[in-house]
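Listed below are the residues making up each chain.
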Amino acid sequence: MTEKGKRQCRVMCAGLVAGLLAVGWGAGMSVAADGVTPPLARAKIYLAAGDYRRAIDVCRRQIDRSPSVESYVSLLYVYHALDGYVEWLAKRDEWVKVGQLSLSLFTRDTGDLVDPPDMLPRMAKELLREGIRQHYDMVAGMANRLDKARADRLWLEVRAWEKTHPDTWWAGVPDAWNW
């Protein structure tokens, strides 16, 4: 690999990690009484659009506003959905989409338009999956410390959702969640 390629890979990896760890980007959210979409309803829309970065951000802000086992499991679910989508794309050999997904996770402003990060999609898949798994484990531990029985019940709803929507579950949330 050339020095330029190594540099781009390091920049991309740093950007990917920063994108997964970033908190609080985007506008604040109001309650539904204002006619504005509630926070987790926004996360559901972002999942449907494949905008996992914003879905993660919304769930993190929800934890800040109203910490509960449900809010932690919501974030956990978004990580799980992101991982499922990456794996589905990889199985279908849709590596361009994996690269686009990784780009969407750390693109923050218009400066990225003139200096876009570049990465091999297969490398992006491995970086994404490793980062997702680390965050998944951390958030799962938090949810379990709050109320393991409730977290387990919510996760049963996730499994049922996956079974009934095997090729699209990552683009939505279980019906019972009322997002």
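Keep in mind that what you see is a predicted model, and the values were worked out from it rather than measured. (Residues numbered from 1 in each chain as written. Predicted model: local features only at pLDDT ≥ 70, side-chain atom pairs only at ≥ 80, totals over all residues. Heavy atoms only, no water.)

### Quick look at the side chain of Asp51
Turning to step 1, where the next piece is worked out: Along the polypeptide, Asp51 turns up in the loop between helix 2 (39–49) and helix 3 (52–65).
Turning to step 2, where the next piece is worked out: At 2.7 Å, the side chain of Asp51 and the side chain of Arg54 are in polar contact. (Helix = DSSP H or I, 4+ residues; strand = E, 2+ residues; numbered from the N terminus. Polar contact = N/O pair within 3.5 Å; in protein donor to acceptor, adjacent residues only side chain to side chain.)

### Describing the nonpolar core
Nonpolar side chains in soluble globular proteins generally cluster together in the buried interior.
Turning to step 1, where the next piece is worked out: In terms of nonpolar packing, the biggest core is built from 43 residues, with Leu47, Tyr52, Val73, Tyr77, Leu82, Trp177 and Trp179 touching the most fellow members.
Turning to step 2, where the next piece is worked out: For this core, the secondary structure elements donating two or more residues are helix 2, helix 3, helix 4 (69–91), helix 5 (95–106) and helix 7 (121–164).
Turning to step 3, where the next piece is worked out: In contact with Leu82, other than residues within four places in its own chain, are Tyr52, Ile56, Leu101, Leu105 and Ile132. (Core = buried A, V, L, I, M, F, W, Y, C linked by side-chain atoms within 4.5 Å. Buried < 20%, exposed > 50% of the residue type's maximum accessible area, 1.4 Å probe, protein only. Contact = heavy atoms within 4.5 Å.)

### Quick look at the environment of Lys44
Turning to step 1, where the next piece is worked out: With respect to the element layout, Lys44 can be found in helix 2.
Turning to step 2, where the next piece is worked out: In this structure Lys44 comes out as partly exposed when scored by relative accessible area, which is 36%.
Turning to step 3, where the next piece is worked out: The residues touching Lys44, leaving out its near neighbours within four places in the chain, are Ala171, Val173 and Trp179.

### Structural notes on the packing of aromatic side chains
Turning to step 1, where the next piece is worked out: This model, assessed by the stated rule, comprises nine aromatic pairs.
Turning to step 2, where the next piece is worked out: Ring geometry for Tyr85 versus Trp88: centroids 6.2 Å apart, planes at 20°, classification stacked. Of this pair, Tyr85 and Trp88 both sit in helix 4, three residues apart, which is roughly one turn of the helix.
Turning to step 3, where the next piece is worked out: When the ring of Trp88 is compared with that of Trp170, the centres are 5.0 Å apart and the planes differ by 40°; the resulting orientation is tilted. Residue Trp88 is found in helix 4, and its partner Trp170 is found in the segment after helix 7; the two are separated by 82 residues along the sequence.
Turning to step 4, where the next piece is worked out: Given the relative accessible area of 5%, Trp170 is considered buried. (Phe/Tyr/Trp six-rings, centres within 6.5 Å; stacked < 30°, edge-to-face > 60°.)

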